[in-house]
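# Observations on chain architecture
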Amino acid sequence: MSVLPYLVAGWIFLIGVYGLVTSRNLIHAVGCLAVTQSSTYVLLLAIGYRDGGTAPVYAGVPRDARVVDPVVQALTLTDVVVGATVTALLLALVIQLNKRHGTIDPDELSALKG
């Protein structure tokens, strides 16, 4: 088992968080959030990977064959769908914010300050 996929997932996560922290544009922040969430795809795929594993289709496969875990694959697919939905919702909110306030710069949104 290699440590490389876990390091890649951590690197992608840190790049996304850095982009979120330094962002001065809400659309850029939504994109960085999508990059941050994509690190979970790499992490889940690293967890579910098995050396010499085959697809989790059990028809015609010997009982002692190594297969990958189908639960991890289902979680990854669910993560992709949730990520796309959250990104679409946040972009719709940014569009509405731009229509109402005329800007997507977080520093210029004085009406939202408490």
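Above: the structure in question.
Residues numbered from 1 in each chain as written. Predicted model: local features only at pLDDT ≥ 70, side-chain atom pairs only at ≥ 80, totals over all residues. Heavy atoms only, no water.

### Some words on the overall build of the chain
So the rule is basically this: Helix numbering and strand numbering both begin at the N terminus, where a helix is a DSSP run of H or I of at least 4 residues and a strand a DSSP run of E of at least 2. Taken over C-alpha atoms, the radius of gyration is set against a globule rule of 2.2 Å times the number of residues to the power 0.38. Residue contacts are counted whenever heavy atoms from the two residues lie within 4.5 Å of one another. Areas reported as accessible are Shrake-Rupley estimates using a 1.4 Å probe. Residue values count occlusion only from the protein chains shown.
From N to C terminus, the chain includes three helices and zero strands. When the helices and strands of the chain are placed in sequence order, the string is α-α-α. Against the 2.2 N^0.38 benchmark of 13 Å for 114 residues, the chain shows a C-alpha radius of gyration of 20 Å, more extended than a compact globule. C-alpha extents for the chain along the principal axes are approximately 65 × 30 × 20 Å. Partitioning the intrachain contacts of the chain with sequence separation of at least 6 by distance along the chain shows that 52% fall at a separation of at least 24. Put simply, the chain shows about 8000 Å² of open surface, and 69% of that area lies on carbon and sulfur atoms.

### Description of the side chain of S39
Among the secondary structure elements, S39 is positioned in helix α2 (residues 26-48). For S39, the residues in contact, after removing those within four places along its chain, are A9, I12 and F13.

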